[in-house]
Amino acid sequence: MGIVIVDGQEIEIADDERLNAIQVARRAGVDVPHYCWHPGLTVVASCRMCLVETGTRDAESGEIKMVPKLVPGCQTPATDGSVFVTNSEKVRHSRAFVEEGLLIDHPIDCPICDKAGECHLQDYHFEHGQDARRADIRPFTSRRRDVGPTVTLFVDRCVMCSRCVRFTREVSGTSELMVIDRGAREEIDVFDGFPLDNKLSGNVVDLCPVGALGDKDFLYKQRVWFMKSHDGVCAGCSAGCSVVVDENQDKVYRLRPRENMAVNKWWMCDDGRYGFHHVHDEARLVELERRAAAGYESIEWSQVPAALEIELSSAGRLAGLISPHLTVEEAYLLAQLLRKFDEEALLALGPVPVQGEDEHYPGDFTIRAEKCPNRRGVEEVLRHFNGGATSLDDVLSQVESGAVGGVWLTGGYREPSLDEGIAQRLTAAKVVVVQDMFTSPVWERAHFRLPGVAFAERSGSYVNCAGHLQSFSWAVRPPTGARVEGSLYWQMLEQPGMYNPRSVLAEIAGTIPAFDAAAGEIPSTGVALEAPAMSPTA
Amino acid sequence: MSTFEPVLLANIGKEKSFTREVYESAGGYTALRKVLKEMQPADVIEVVKDSKLRGRGGAGFPCGLKWTFLPKDHPGPIYFCLNADESEPGTFNNRILMEDDPHQVLEGLIISCFATRATTAYIYLRVEYPLCFERLQAAIDECYEAGYLGQKILGKDFSLDIYLHSGAAAYICGEETGLIESLEGKRAWPRIKPPFPAIEGVFRKPTVVNNVETVACVPHIINRGVPWFLSIGVPADPDNPRDAGSYGPKLYCLSGHVNKPGCYEAPLGITTRQLIDDFGGGVWKGRKAKAAIPGGISMGLLTEEEFDLPLDFAGPGKADCLGLGTAAVVVLDETVSMIDFLHNSCRFFDHESCGQCTPCREGTAWSVQMLERIRAGKGRLKDLELLLEIGDTIGIIPGTTICGLSDGAAWPIKNAIRKFRSEFEEYIKRTNATGYMETEPVEALPIAAHGH
Ligand SMILES: Cc1cc2nc3c(=O)[nH]c(=O)nc-3n(C[C@H](O)[C@H](O)[C@H](O)COP(=O)(O)O)c2cc1C
Ligand code: SF4
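Quick notes on the rules
Residues numbered from 1 in each chain as written. Chains lettered and ligands numbered in written order. Predicted model: local features only at pLDDT ≥ 70, side-chain atom pairs only at ≥ 80, totals over all residues. Near = placed C-beta within 6 Å. Helix = DSSP H or I, 4+ residues; strand = E, 2+ residues; numbered from the N terminus. Nonpolar A, V, L, I, M, F, W, Y, C, P; charged D, E, K, R; others polar. Axes fitted to C-alpha atoms, helices over the stretch in contact; angles between N-to-C directions. Parallel < 35°, antiparallel > 145°, perpendicular 65-115°, else oblique. Left-handed = near helix turned anticlockwise from the far one by under 90°. Contact = placed C-beta atoms within 7 Å. Domains from an automatic or database assignment.

Below, the discussion takes up the site of ligand 2. Residue and element names in this part refer to chain B. Around ligand 2, the surrounding shell holds 14 residues, and the nearest of these are Cys354, Cys357, Cys360, Thr401 and Cys403. The set of elements that each furnish at least two residues to the shell around ligand 2 consists of α14 (358–378) and α16 (405–419). Split by residue class, the shell around ligand 2 holds eight nonpolar, five polar and one charged.

Next up, the structure:
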């Protein structure tokens, strides 16, 4: 253990901790402003915003010796006896000087800049900048440069931190972005014919500490201060990246990666980032229907539990196809529900969409081929109920043979997975219940068509491909007519009050050994389920 | 002075001085033969250390000491980079050596590589020196023929290859880590240190970077001995523990308003006045000198009254200059406007800043904007304060930047305004009689295009 002094405060660091001055100051509650430094990128120490004074305290005499020059906090390791001063006049002046320099050529077009409200240049200027302009006044330019299909560059807002350039070199490994020209005429650019076009491209917008890189998908859609941010988990693939869902009045505007060292570090892929638009797709199912003598008739959610109870009780053997888009809690409740009607109900994992192969990036980031968030979570639940032995095909075969009379299917897939092949094998079933977001061949032929919800509308937990469980709450409410799958099970299981995934997870943790680690409070970054029973990751 | 015998320039002026034949006829490559026959690498380092040879590239770092920073018993390759980027304004001593006596440079380089156990050397050559390229390449070829390069040099267990690399035509490529990045094929953005090149340099391997003139001194130290080298120059100040002394001969580049500009060899410690009078034939057109740049533009300015300070590593600092730099003395006669001088200096650094560090990038650009406006008759007294604030803030000395380019940008500003303040003030008042007291931000001039 070591002691580091930050602005007079003594901070403990462990022997194996490798922190820089910015990180150790943060621990002391001191924010050292910075642009170019990012924990996920190499240190370049070039923006010079994080300059601090440093020195060492002699272990024996306790005497403090300061270095005469300023040092970049990002580049200066904090070790036992390190002393940092972040609030001296010298530090204040150098920050103000850097801010002033950055603003000399900046268009100061905050009113029309997407970044306003979450811009470091803005925030730091208020906190550390000069209160009056001293440089000559120039007519500002505001040039926009198209750098790729997802990202646009507002050239004159750039502070040359080079984070985006380093990202494409070190994390995506695609190296599209570069610096052209020299000195104050430097700009970010791409080579002709080689646009910023890779599956991690959107991250450069998050990395940009100012409003230089704009996300075309989000540009001019919302002022950031109108939005509320919710911790969520991306449902795009089985990596299960931690995200922030930015929403206003039940409309999702943006997904951003949320730091989680156990899962996605600071990144997410573009498929996930831009893969939320289906939430507000006009084609979302919102009409609740049951099959009638001729065609379909509308029913009310209030009628559904009783109607299902009657139909399922008389359907004979039941089966459930549990979608890897359902949460662990929903999978558990649906399994319980079906077993309530039929103690020997067959339970199987629904279709698992797979596209291509896992895509690995140099920055230790992988986009998974498995395009659903909770295959492992559902599998663990099923293993508890029936040893996990039943497959989708088993269920369908038994429907075809007439052994199974009632089937409950769940969807939530972005692309229709409950396809014609499955639909045809269900024709013999007496009762087919479907909960889904979009129509499908199975939906077309279902006896009960129950509109379900999208990932941003769900609460509960997913277990990613590495066995890491993350819990999250809904960010937006589903469209009128659609209902959270789990809340229906909750009601039909006659649980008290509102659907409460937290209490369900507590019950699961107490019942299923694989979920031991999920007992108690789940941190926002989730927990690793370290059960030997977990199947190895593909 | 009269006893001083030039050694670095001894061959220059001879017919075909750049050939091996002429070089060897005057004792060339005897130092190399002696080293390979009688010495171990550590012995050579010891000799160079004892000679107190300091780097001639600008920073004056003790050469032998730098060589000892290399990791001991390093299993992989060690690289030697010969810094021949020579782009400090006013400096052309490397050029003279490479054009007219390339074998002297190569002999020094080969011995230096032997000492540092480098097996590959790169000569990073300023691209604007095509004749140097030609002559060096021819000399390298001659060395391979003579067995001074290649495998088993002179039959000893020492192999070396030298590659000539054309620079990327930017001042910053001369900064040692900018040079390394450029050599690796990247933008010459100086690296943050540590690690220093001796630990992790080109291709992430231990690397020595030395100036052309530095290595050119080495054969003479071997041939003539340490006491000879120490007998030339200015001894260390016993009262200043940080003064490492200034020993040996030095090539001074004299230019500007003198009758006989040129590259002259003199003992370290000659004064500016001696240089102008004894070598330069006095200030031109019978005028008086007003000031001089002591060692390349980045070192700042000496006033005429300061011309009697020795041009050794410690001298210019006594007059608040940055240092001796490259010992390139540029003389400014009494007709020179300090405003024009500073404008030109600021223009250079604005053009050459690599642009990584905010204080350097923005400070150099802002300073040139102000000077352009001052020259256009729209200056304010306040601008002088702002310029000085820039000058006092940017640089590795205050710690606000990565490399020394910005210290070089700062010093001319600080020296010119502090030493010639009344001239600046009078100019501003005279040319902007109604606005010189203005303190609010003013309208900028349109951006001017910058050329080389
Ligand atoms: C902006 C800048 C430009 C430089 N240009 C040169 C140069 O052109 N040639 C050179 O030898 N050293 C140059 N240097 C100094 C080198 O960084 C380095 O100190 C030197 O090459 C070391 O060699 P020496 O120890 O033999 O002097 C420059 C330094 C800076 C900061
Ligand atoms: S000080 Fe200037 S030239 Fe040197 S690295 Fe920084 S920006 Fe580049």
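Residue and element names in this part refer to chain B. The geometry of helix α15 (residues 381–393) relative to α16 is characterised by a closest axis approach of 8 Å and an angle of 140° between their N-to-C directions. Judged by the inter-axis angle, α15 sits oblique to α16. Once α15 is placed against α16, the crossing between them reads as left-handed. On the side of α15, the interface is formed by Leu384, Leu387, Leu388, Ile390, Gly391 and Asp392, while α16 contributes Ala410, Ile413, Lys414 and Ile417. Class assignment of the residues belonging to the contact of α15 with α16 gives a composition of seven nonpolar, one polar and two charged.

The next thing to look at is the domain arrangement of chain A. Residue and element names in this part refer to chain A. The domain architecture assigned to chain A consists of domain 1 (2–87), domain 2 (138–280) and domain 3 (289–457 + 480–498). For domain 2 and domain 3, the distance between their C-alpha centres works out to 36 Å. Counting residues at the interface gives 25 residues for domain 2 and 18 residues for domain 3. Across the side of domain 2 that touches domain 3, the residue classes break down as 12 nonpolar, nine polar and four charged.

Looking now at the interface of chain A and chain B. The interface of chain A with chain B comprises 29 residues on the first partner and 31 residues on the second. Take the side of chain A that touches chain B: its biggest share by element is six residues, from helix α2 (residues 89–104) of chain A. Split into classes, the residues belonging to the side of chain A that touches chain B amount to 16 nonpolar, five polar and eight charged.

We now examine the site of ligand 1. Residues and elements named next belong to chain B. Near ligand 1 you find 25 residues, and of these Gly55, Gly57, Gly174, Asn211 and Gly404 are the closest. Counting only elements with at least two residues in the shell around ligand 1, the list comes to β4 (207–211) and α16. Ranked by residues supplied to the shell around ligand 1, first place goes to β4 with three residues. Considered class by class, the residues forming the shell around ligand 1 number eight nonpolar, 11 polar and six charged. The residues that make up the shell around ligand 1 include at least three from each of domain 1 (20–231) and domain 3 (338–431).

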